[in-house]
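Now for the letters of each chain:
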Amino acid sequence: MSTTKTIQTALISVFDKTGLEPIVKQLHEQNVTLYSTGGTEDFIKKLGIPVVPVEDVTSYPSILGGRVKTLHPKIFGGILNRQDNPDDVAQMEEYNIPQLDLVIVDLYPFEKTVASGASEADIIEKIDIGGISLIRAAAKNFKDTVIVASVKEYAYLLDLIVTQQGATTLEQRRLLATKAFHVSSHYDTAIFNYFNQEETYFKTSIEEGQVLRYGENPHQKGYFFGEFNQMFDKLHGKELSYNNLLDVDAAVNLIAEFKENAPTFAILKHNNACGLATRNSMKEAYLAALACDPTSAFGGVLIANGAIDLATAQEINSLFCEVVIAQSFEESAVTLLMEKKNRILLVQHEVALPNRQVRTCLNGLLVQDRNAITDAESDLKVVTESSPTSQEIDDLLFASKICKNTKSNTIVFAKNSTLVASGTGQTSRVDALKQAIEKANTFGFDLNGAVMASDAFFPFPDCVEIADHAGITAVIQPGGSIKDALSIDYCNENKVAMVFTGTRHFKH
């Protein structure tokens, strides 16, 4: 038996009528019998096209305020019957059930209704019953039935019925069934998450996805699932890679800490800041950030907390960098930066980031709340005889923001609203400290009067001693070690100011 099926009948029942008209007209031209109900039936009639009301098939009207319209054996029998099964064929004839070859249906906008802040009563009414049942039934019976469950598939369907004169192959029907189950599973996940109060239940669904050139390395496949275009306007450049996206994510999270600051510019490499500074102009901020570690800045991701003007772009243009992100760009800056054909330029939009973070672990997932705490002056507890100066407090908070967004173990040095150096991703805090000192010395920074931030407490006084000898005059750390007193005593003896925040900022 041929697996190619020609559409002779169609059931159409949709909430969103966008793009439906050309499909209905094409089906009518091909002498397809149309069945419908409610608003879709009225829509088809207004086109001057004959349509059979579902009520004429079921002998039941739409009841319960529209909650029950298509839930009837004569509808679902027409969808679910197996055309190669003699018993099914006999029952279709016995009960006078019409064959339904094509089902076009969408779902009530549940997610949009929740996002609108509607009442629970309105939200409940947007839980689709008939539509989701029609989708599952038609998708299940893809051997005989065509299912279109989203406006996104209208163009594909129209192309099929025009170019193939209403015929579809098994492979095409299976593809549409796959997309339909994607729609239904996403819808059910959204409903579940609205009701779910159990912290140990976890379900997520993302509708949009894209294939990347590769993953972390060329031999690994890579994908991104999310609505990137909601967050950014891409003005120029090559496709973003897996590693680009990780760096962009790190950059967005880091610069968010400086949202309310004066012009601030950050340069990142492998998810860590290798330069960051706040100045009176974006150009000055960029140059100060670049000076922190010009070696690591090569091939990095750049991000500004405001607009990039031509003066800043002229400085950036001499650096090889993968991505430049800003709240906006002057037109002349874009023209200049586009001289490098592969350089990616992104305009960042204000979009809320997820409240929870998810990553694979062993044979499952780890889920945690986003680290939403940013250390503020009100959080600081002075634990030494010496108190930090006003400038040191500003620098301590500046360093803490960077520290929070740097891979552990980490130590960050800052001075005059500038990242001086950092030790990142080390297996011991002492190693991170020594790495930071070496970097500062390599690029000619004077650590005298600089401050130090640590993402976690010091189990021994060795870190504050090494930092003091390097010129550090103030320290910010969470505190909480059973040997805190040893570090405090050393600071008191050597007139180093130290504050505790009470909040650890591990990042792995």
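Cut-off values and rules
- Residues numbered from 1 in each chain as written.
- Predicted model: local features only at pLDDT ≥ 70, side-chain atom pairs only at ≥ 80, totals over all residues.
- Heavy atoms only, no water.
- Helix = DSSP H or I, 4+ residues; strand = E, 2+ residues; numbered from the N terminus.
- Rg over C-alpha atoms; globule rule 2.2 N^0.38 Å.
- Buried < 20%, exposed > 50% of the residue type's maximum accessible area, 1.4 Å probe, protein only.
- Contact = heavy atoms within 4.5 Å.
- Areas by Shrake-Rupley, 256 points an atom, 1.4 Å probe, with all protein chains shown as cover.
- Lys, Arg positive; Asp, Glu negative; His and termini not counted.
- Charge placed at Lys NZ, Arg CZ, Asp CG, Glu CD.
- 1 Å grid on protein atoms, 1.4 Å probe; cavity = no way out; pocket = protein on both sides within 12 Å on 5 of 7 lines; lining within 4 Å.
- Points joined across faces, edges and corners; volume = space filled by probe spheres on them.
- Nonpolar A, V, L, I, M, F, W, Y, C, P; charged D, E, K, R; others polar.
- Expected span 1.5 Å × (residues − 1).
- Arc of directions from axis to C-beta.
- Axes fitted to C-alpha atoms, helices over the stretch in contact; angles between N-to-C directions.
- Parallel < 35°, antiparallel > 145°, perpendicular 65-115°, else oblique.
- Left-handed = near helix turned anticlockwise from the far one by under 90°.
- Salt bridge = Lys/Arg side-chain N within 4 Å of Asp/Glu carboxyl O.
- Pairing = 2+ DSSP bridges.

Visitor: Before we go on, may I ask you to explain the overall build of the chain in this structure?
Guide: Of the regular secondary structure elements, the chain holds 20 helices and 25 strands. Against the globule reference of 23 Å for 508 residues, the chain gives a C-alpha radius of gyration of 31 Å, more extended than a compact globule. Dimensions along the principal axes, computed over C-alpha positions, put the chain at roughly 100 × 50 × 40 Å. Within the chain, buried positions represent 47% of all 508 residues. Looking at the chain alone, contacts between residues at least 24 apart form 56% of all its contacts between residues at least 6 apart. Accessible surface computed for the chain: about 25300 Å², of which carbon and sulfur atoms make up 51%. Where the 45 positive side-chain charges of the chain centre and where its 63 negative ones centre are 4 Å apart.

Visitor: For this particular structure, what's the right way to read the layout of surface pockets?
Guide: Using a probe with the size of a water molecule, rolled over the atoms, empty space left in the structure can be pinpointed. In this structure, the second largest pocket encloses a volume near 480 Å³. Every residue lining the second largest pocket is counted, 24 residues in all, and those nearest its centre are Gly-66, Lys-69, Tyr-108, Asp-128 and Gly-131.

Visitor: Before we go on, may I ask you to explain unusual backbone geometry in this structure?
Guide: Leaving glycine aside, a negative phi is the common case for residues, and trans is the common case for peptide bonds. The linkage connecting Ser-408 with the following residue, Asn-409, adopts the cis geometry, with an omega of -15°. Position of Asn-409 relative to the elements: it lies in the loop between α17 (390-404) and β21 (411-414). Even without being glycine, Leu-362 reaches a positive phi, approximately 50°. Relative to the helices and strands, Leu-362 resides in the loop between β18 (356-361) and β19 (364-369). Positive phi outside glycine occurs at Asn-416, with the angle close to 55°. Relative to the helices and strands, Asn-416 resides in the loop between β21 and β22 (419-423).

Visitor: I'm lost on empty space enclosed by the protein in this one. Help?
Guide: Applying the stated criterion across every chain, the model contains one cavity of 30 Å³ or more. One number sums up the size of the largest cavity: a volume of about 60 Å³. What lines the largest cavity is a set of 13 residues, among which Asp-375, Ser-400, Ser-454, Asp-455 and His-505 lie closest to the centre. Secondary-structure elements contributing two or more residues to the lining of the largest cavity are α17, β23 (451-454) and β24 (474-477). A total of three residues in the lining of the largest cavity trace back to one element, the largest contributor, which is α17. Considering only residue class, the lining of the largest cavity consists of four nonpolar, six polar and three charged.

Visitor: Looking at this model, I keep getting lost on helix α18 (residues 429-442). Mind explaining?
Guide: Residues spaced three or four apart along an α-helix face the same direction, because each turn holds 3.6 residues. The terminal C-alpha atoms of α18 lie 20 Å apart, and with 14 residues this matches the ideal 20 Å at 1.5 Å per residue to within 8%. Burial in α18 covers these residues: Arg-429, Val-430, Ala-432, Leu-433, Ala-436, Ile-437 and Ala-440. The arc enclosing the buried residues of α18, seen along the axis, measures out at 160°, which places them on a common side. Facing away from the buried side of α18 by over 90 degrees, the exposed positions are Glu-438, Asn-441 and Thr-442. With its phi angle positive at about 75°, Gly-444 sits one or two positions after the end of α18.

Visitor: Could you clarify how one ought to interpret the packing of helix α8 (residues 130-140) against helix α10 (residues 170-195) in this entry?
Guide: Helices that pack against each other are described as a pair by the angle of their axes relative to one another and the distance between those axes. One way to put it is that α8 packs onto α10 with a least axis distance of 9 Å and a crossing angle of 150°. For the element pair α8 / α10, the angle class is roughly antiparallel. The handedness of the crossing between α8 and α10 comes out as left-handed. Taken together, the residues of α10 that come into contact with α8 (itself represented by Ile-132, Ile-135, Arg-136, Ala-139 and Lys-140) are Ala-177, Ala-180, Phe-181, Val-183, Ser-184, Tyr-187 and Asp-188.

Visitor: Just checking my understanding: could you explain helix α20 (residues 484-493) for this structure?
Guide: Of all the residues in α20, the buried ones are Asp-484, Ser-487, Ile-488, Tyr-490 and Cys-491. Around the axis of α20, the buried residues are gathered within 160° of arc, so they sit on the same side. The secondary structure elements touched by the buried residues of α20 are α19 (462-470) and β25 (497-500). Of the residues trailing α20, Lys-495 is marked for its positive phi of about 55°.

Visitor: Can you walk me through the pattern of salt bridges in this structure?
Guide: Oppositely charged side chains can pair when the atoms bearing their charge come close. Under the defined criterion, the tally for this structure stands at 12 salt bridges. A salt bridge links Glu-41 to Lys-45; the shortest N-O distance between them is 3.0 Å. Pair noted here: Glu-41 and Lys-45 are both in helix α2 (residues 38-46), with a separation of four residues, about one helical turn. The closest approach of N and O atoms between Lys-404 and Glu-257, which form a salt bridge, is 2.8 Å. Pair noted here: Lys-404 is in helix α17 and Glu-257 is in the loop between α12 (242-256) and β11 (264-269), with a separation of 147 residues, a long-range link. Here Lys-404 matches Glu-257 in class, with each residue buried.

Visitor: Before we go on, may I ask you to explain the sheet that holds β25 in this structure?
Guide: Ordered in space as β20-β25-β24-β23-β21-β22, the six strands form an open sheet in which the pairing is mixed. The open sheet is flanked by β20 (381-382) and β22, the only strands paired with a single partner. Where β21 meets β22, four bridges bridge the pair, whose relative direction is antiparallel. Paired with Ile-411 across the bridge in β22 is Gly-423.

Visitor: Honestly, the side chain of Ser-13 in this entry has me stumped. Any pointers?
Guide: Its location among the elements puts Ser-13 in strand β2 (residues 9-13). Each residue touching Ser-13, except ones within four places of it in the same chain, is listed here: Thr-37, Thr-40, Ile-104, Val-105 and Asp-106.

Visitor: Sorry, what's going on with the pairing of β18 here?
Guide: For a regular strand, side chains alternate in direction, first toward one face of the sheet and then toward the other. Across six bridges, the pairing between β18 and β19 is antiparallel. Following the sheet pairing, Gln-357 is matched in β19 by Gln-368. Linking β18 back to β19 in an antiparallel pair, the connection comprises two residues, with Leu-362 at a positive phi of about 50°.

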